[in-house]
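Below, each chain spelled out in residue letters.
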Amino acid sequence: MSDEKEILVELLREILGDEKKHYEHRGQISFNCPLCDEDRNKGNLEVNYLQHVYKCWSCSETNGMHGPLGKLIDNYGNKKHKKVYKLFQPEDLKPKEKPKQKLRLPESFVLFKDSNPIYPVYKQAYNYLKNRGITDEIIERYSIGFCDKGSHAGRIIVPSYDENKRLNYFIARSYLDKPKMKYKNPEAQKETIIFNEHLIDWNETIYIVEGAFDSIFLPNSIPMLGKFMSEYLFKK
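**Quick notes on the packing of aromatic side chains**
Under the definition given, this model contains 5 aromatic pairs. Ring centres of F112 and F146 lie 5.0 Å apart, and the angle between their planes is 50°; on these two criteria the pair is classed as tilted. Here the residue F112 occupies a position in the loop between β6 (109-111) and α5 (120-131), and F146 occupies one in strand β7 (residues 145-147), the gap between them amounting to 34 residues. Of the two residues, F112 and F146, neither departs from the other in class, the shared state being buried. Through a chain of ring-to-ring contacts, the aromatic side chains of F112, Y122, Y126 and F146 assemble into a single cluster. Above the face of the Y23 ring, R26 is positioned so that its terminal group lies 4.5 Å from the ring centre. Here the basic side chain of R141 rests over the ring of Y142, its NZ or CZ set 5.6 Å away from the ring centre.

**Quick notes on the sheet that holds strand β3 (residues 45-48)**
Taken in spatial order, the 5 strands make up an open sheet running β1-β2-β3-β4-β5, and their pairing is antiparallel. In this open sheet, the two edge strands, each paired with only one partner strand, are β1 (21-23) and β5 (66-68). Strand-to-strand twist across the sheet, computed as the mean angle between neighbouring axes with direction ignored, equals 15°. Here 3 bridges tie strand β4 (residues 53-56) to β5, and the two strands are oriented antiparallel to one another. Bridge pairing in β5 links V53 to P68.

Reading the values: rules and limits
Residues numbered from 1 in each chain as written. Predicted model: local features only at pLDDT ≥ 70, side-chain atom pairs only at ≥ 80, totals over all residues. Heavy atoms only, no water. Phe/Tyr/Trp six-rings, centres within 6.5 Å; stacked < 30°, edge-to-face > 60°. Helix = DSSP H or I, 4+ residues; strand = E, 2+ residues; numbered from the N terminus. Buried < 20%, exposed > 50% of the residue type's maximum accessible area, 1.4 Å probe, protein only. Lys NZ or Arg CZ within 6 Å of the ring centre and 35° of its normal. Pairing = 2+ DSSP bridges. Axes fitted to C-alpha atoms, helices over the stretch in contact; angles between N-to-C directions.

See below:
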């Protein structure tokens, strides 16, 4: 066998145990199925490591025990096994990454300075901020606004911009008395976000706080957006 085939076979042995049959010329090897075959010892699970597919002839339909080899290794291998297999996995069988959609503020977002102060929704949102001790200066500095309609209606919006002033996140906090959901923030990898990094002076003392609303009261502070500091923020 070539080195690649030997590595794949050894990888399968580490994950599934000793094989029952092995036809090297076809790249076909069988093991006990980890779902249905452990006690009966029939070797129902067959893997073709040349075509990178597998199938259990006993439970493929009932347990979904079939498909590309990467699926089998993802389900039963450890991190080391997955890392090794990626070196040999055919490009057309690698999972396709979903294209990242550009983050945008909600369509109905409006800055307080661009809205009419006599507008009832403006008053409700503005009073909420005032009751939390948020001043006009803070509202302007952090470009805070609100939504009066659409998917984020009834929410205060606190945008976050990276060091290049590109939107990277936003907080959408309800200003209603008894909301069904307090926050409706976008899906994002928060562990790689530094909230409002464009406002941070890295040469001065930096304060770490828990939430975004905590950070707007303390100059040069960064919210963790949770209870734990991310490795990215710690290293930065």
